[in-house]
Amino acid sequence: DWAGALSSGAITSTGLEVHASSAGRATVANFENDTNAGGTEAAISLTNNTPVCSVNLVASRIGANAGSDFYIENANSAGTMVENFRISEGGAATFSGTIDSGAITTSSDITLNGGHDIHLVKTHPNNAVDMVYGQITFGDTTSGQYVNHARIESGGGYANNTDLRFHTSSNNSSPERMRI
């Protein structure tokens, strides 16, 4: 066991283990950029053999006496570091690229900026079987109740032959009221 400060330009090791014991939070490492200025960053780089195969975890200081954003950047196929995920000091999360998920839940509004679209798509086998491509549902989050809520659906028997269906909610059912 050793306690104290170690000052070195570089430390080479085949592995590093840091242990702490606590019933609550145990801060086992602190990586600090001690320059008191906005725009400074402290980062941990996770590198696979070469910097062009790496990921950086970055704390980005906003102002000299202000909070800090957190972001993740990774090397793209050209070896350039690209920011792909950021959490601002206020808690807003920003993702670049595509989010692959079975479901995304939000407790706030969804806003699209810059002329982007929402695409509700599904592959259709073109076999004349009626299928719903996507739907927008209006209602509460009670488990199993989505089929009973008002909704707008897009569906059809072929991929190039679709319609819009409008449903309203009435007595635990959601009958179709209009089709275009």
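Residues numbered from 1 in each chain as written. Predicted model: local features only at pLDDT ≥ 70, side-chain atom pairs only at ≥ 80, totals over all residues. Heavy atoms only, no water.

This brings us to the overall build of the protein. The helix and strand inventory of the protein stands at zero helices and nine strands. Along the protein, from the amino end to the carboxyl end, the secondary structure elements read β-β-β-β-β-β-β-β-β. Partitioning the intrachain contacts of the protein with sequence separation of at least 6 by distance along the chain shows that 21% fall at a separation of at least 24. (Helix = DSSP H or I, 4+ residues; strand = E, 2+ residues; numbered from the N terminus. Contact = heavy atoms within 4.5 Å.)

A few words now on the pattern of salt bridges. Summed over all chains, the structure comprises seven salt bridges. Between Arg 86 and Asp 69 there is a salt bridge, with the nearest N and O atoms lying 2.8 Å from each other. Placement of Arg 86 in strand β4 (residues 81-87) and of Asp 69 in strand β3 (residues 68-75) is noted, with a sequence separation of 17 residues between them. According to the relative accessible area criterion, Asp 69 is buried, its value standing at 10%. We note a salt bridge from Asp 163 to Arg 165, for which the minimum N-O separation is 2.8 Å. By the burial criterion, Asp 163 is buried, and Arg 165 matches it. Counted as one network, the salt bridges with shared partners bring together Arg 151, Glu 153, Asp 163, Arg 165, Glu 176 and Arg 179. (Salt bridge = Lys/Arg side-chain N within 4 Å of Asp/Glu carboxyl O. Buried < 20%, exposed > 50% of the residue type's maximum accessible area, 1.4 Å probe, protein only.)

Let us now look at the layout of surface pockets. Where empty space is left in the structure can be found by rolling a water-sized probe over the atoms. Space inside the largest pocket adds up to approximately 1,800 Å³. Looking at the largest pocket, it is lined by 35 residues, and the ones nearest its centre are Ile 104, Thr 105, Thr 106, Ile 110 and Ile 118. If you list the elements that add at least two residues to the lining of the largest pocket, you get β5 (93-95) and β6 (131-138). Looking at the lining of the largest pocket element by element, the count peaks at six residues for β6. Among the residues making up the lining of the largest pocket, the classes are represented as 14 nonpolar, 17 polar and four charged. Of the pockets and cavities examined, the second largest pocket occupies roughly 480 Å³. Around the second largest pocket, the lining comprises 10 residues; the ones closest to its centre are Ile 11, Leu 16, Val 18, Ala 29 and Phe 31. Classifying every residue of the lining of the second largest pocket by side-chain character gives seven nonpolar, three polar and no charged. (1 Å grid on protein atoms, 1.4 Å probe; cavity = no way out; pocket = protein on both sides within 12 Å on 5 of 7 lines; lining within 4 Å. Points joined across faces, edges and corners; volume = space filled by probe spheres on them. Nonpolar A, V, L, I, M, F, W, Y, C, P; charged D, E, K, R; others polar.)

Let us now look at the environment of Ile 72. Within the secondary structure, Ile 72 sits in strand β3. Ile 72 gets classed as partly exposed once you look at its relative accessible area, which sits at 26%. Sequence separation of Ile 72 and Val 55 is 17 residues, and the distance between their C-alpha atoms is 7.1 Å. Sequence-distant contacts of Ile 72, defined by excluding residues within four places in its chain, comprise Val 55, Asn 56, Leu 57, Val 82, Glu 83, Asn 84 and Phe 85.

Once that is clear, we can look at the sheet that holds strand β2 (residues 50-61). Each strand in a sheet pairs with another by means of backbone hydrogen bonds, the pair being arranged parallel or else antiparallel. If you trace the five strands from one edge of the open sheet to the other, you get β1-β2-β3-β4-β5, paired in antiparallel fashion. Looking along the sheet, the strands with just one partner apiece sit at the ends: β1 (41-48) and β5. Averaged over neighbouring strand pairs, the angle between their axes works out to 25° when direction is ignored. By the bridge criterion, six bridges tie β3 to β4 in an arrangement that is antiparallel. Paired with Tyr 71 across the strands is Arg 86, a residue of β4. (Pairing = 2+ DSSP bridges. Axes fitted to C-alpha atoms, helices over the stretch in contact; angles between N-to-C directions.)

Below, the discussion takes up the confidence of the model for the protein. Confidence in the prediction of the protein, expressed as mean pLDDT, is 80, and 86% of residues score 70 or more. Mean pLDDT across the elements of the protein ranges from a minimum in β6, with 78, to a maximum in β3, with 93. (pLDDT = per-residue confidence, 0-100.)

What follows deals with the sheet that holds strand β8 (residues 161-167). The antiparallel open sheet is built from four strands, whose spatial order is β6-β7-β8-β9. The open sheet has two free edges, formed respectively by β6 and β9 (176-179), since each of these has just one partner strand. Each strand of the sheet is rotated relative to its neighbour by a mean of 25°, with strand direction disregarded. With six bridges connecting them, strand β7 (residues 150-158) and β8 associate as antiparallel partners. Residue pairing for β8: Glu 153 is matched across the bridge by Arg 165.

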